[in-house]
Amino acid sequence: MRRELRPGDLLDEHGRLAEPGWAKSEVRRYDRAAIAANRLRIKEWDYYCVLTPERGLALTVADNGYMGLLGVSWLDFAARTEVTENVMTPFPLGRMKLPASADRGDVLVQHRGLRIEYRHIAAARVVTVDHPRFDGGRGLRGELVLAQPPMDRMVVATPFPGAPKAFYYNQKINCLPVSGTITVGDRTYSFEPDTAFGVLDWGRGVWTYDNTWYWGSASGVVEGKPFGFNIGHGFGDTGAGTENMVFVGGVGHKLDEVTFHLPPGVADGAAHDSADWTFTSNDGRFEMTFTPILDRAAGTDLKVLASIQHQVFGRYNGHVILDDGGRVEVRDLIGFAEQVRNRW
């Protein structure tokens, strides 16, 4: 059965997930010191993605135990191009000091000339990036303010079958209006809060070795109200709570199962942006078509360690049914959908 999480510690005295389920706020307290698994297996990350109908910026700070990662992606939807650059660090093992809460604590990291900062201010988050060597020396720098009025979010605490020390604690905060500028090369781009929206993907956990997950997200304005959603499946045992939720005017509407239908031939090597994706739900409340613009693809396959990623950006069309039975029609809402397989 689905279970809404109650307040308390995320892990019990044995380092195991105290209660699986879902919530609309950060009700469970994460404590890295309470984890019972090997430190090399701990994974912590903060990922921001800011999109407008024309462009986007994605920033990653991740401490994956034996490997740290700082990532910067610049997306140009008109040109259908993207540039992604990652800087890796060996064996951070918690030294990146990612905070135990999505609502408190700052992230300040710098390595090999790339600096990324996430800071909390009153009712907002400030994201700063400076990457002088980005894109062959063109450089990318700037600062964005992501406002965060009172709003629901998607929270899940997910176990993994047969792995009692493994868990996935994840928060997705959609519909963050964005203001600020990013300079790429000699051109400066403005982000305005009526057309630019961000999402935070905040995760802490211990995963099993081989996983394939599916994630989709979009934020914007629909029918005059802030609107967004988070959808996903394939990661851990979601019997107590899926990560599917729709947000309208700051209010979360919980969904059950959503299935991703990828373009034909993807498993045989076809590009993930070769045709539309479709999404269906077991309760009929989320029915959507996704038309790709570009595929931010990345792949590392060392056999024992591998990460094959396809984050596809595009536009959603379809409808959702809210908790009260109301229907919302979605037209050309910018967002992304992804398929990722990791062995690490």
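Everything numeric in this text was worked out from a predicted model, so none of it was measured.

Asks: Explanation requested: the packing of aromatic side chains in the structure shown.
Replies: Each aromatic ring pair is specified by the distance between its two centres and by the angle formed by the two planes. A complete count under the given rule lists 25 aromatic pairs for this structure. Pairing F160 with F235 gives two aromatic rings, centres 5.3 Å apart and planes at 90°, and the pair type is edge-to-face. Taken together, the residues span a long stretch of sequence, with F160 in strand β12 (residues 154-160) and F235 in the loop between β17 (225-233) and β18 (245-248) at a distance of 75 residues. Given a relative accessible area of 3%, F235 falls into the buried group. Centroid distance W207 to W213: 5.5 Å. Interplanar angle 80°. Geometry classified as edge-to-face.

Asks: How should the environment of G326 be read in this particular structure?
Replies: Among the secondary structure elements, G326 is positioned in the loop between β23 (306-321) and β24 (327-343). For G326, a relative accessible area of 25% puts it in the partly exposed group. Apart from residues lying up to four places away in sequence, G326 is in contact with V320 and I321.

Asks: So what exactly am I meant to see when it comes to the side chain of T158 here?
Replies: Of note, T158 is situated in strand β12. Aside from chain neighbours lying at most four places away, what touches T158 is L17, F167, Y168, F235, G236 and D237.

Asks: Help me out: how do you make sense of empty space enclosed by the protein in this one?
Replies: Over the atoms a probe the size of a water molecule is rolled, and this reveals where empty space is left. Taken as a whole and judged by the stated rule, the model has three cavities of 30 Å³ or more. Taken as a whole, the largest cavity holds about 80 Å³ of empty space. Lining the largest cavity are 14 residues, with D46, Y48, G105, H120 and R125 positioned closest to its centre. Looking at the lining of the largest cavity, the elements that each hand over two or more residues are β4 (42-51), β9 (114-121) and β10 (124-131). With three residues, the top contributor of residues to the lining of the largest cavity is β9. Class assignment for the residues of the lining of the largest cavity results in seven nonpolar, three polar and four charged. Computed from the structure, the second largest cavity encloses a volume of approximately 70 Å³. Forming the boundary of the second largest cavity are C49, L51, F197, G198, V199, S217, A218, S219, I334, G335 and F336. Secondary-structure elements contributing two or more residues to the lining of the second largest cavity are β4, β15 (197-206), β16 (210-222) and β24.

Definitions and cut-offs
Residues numbered from 1 in each chain as written. Predicted model: local features only at pLDDT ≥ 70, side-chain atom pairs only at ≥ 80, totals over all residues. Heavy atoms only, no water. Phe/Tyr/Trp six-rings, centres within 6.5 Å; stacked < 30°, edge-to-face > 60°. Helix = DSSP H or I, 4+ residues; strand = E, 2+ residues; numbered from the N terminus. Buried < 20%, exposed > 50% of the residue type's maximum accessible area, 1.4 Å probe, protein only. Contact = heavy atoms within 4.5 Å. 1 Å grid on protein atoms, 1.4 Å probe; cavity = no way out; pocket = protein on both sides within 12 Å on 5 of 7 lines; lining within 4 Å. Points joined across faces, edges and corners; volume = space filled by probe spheres on them. Nonpolar A, V, L, I, M, F, W, Y, C, P; charged D, E, K, R; others polar.

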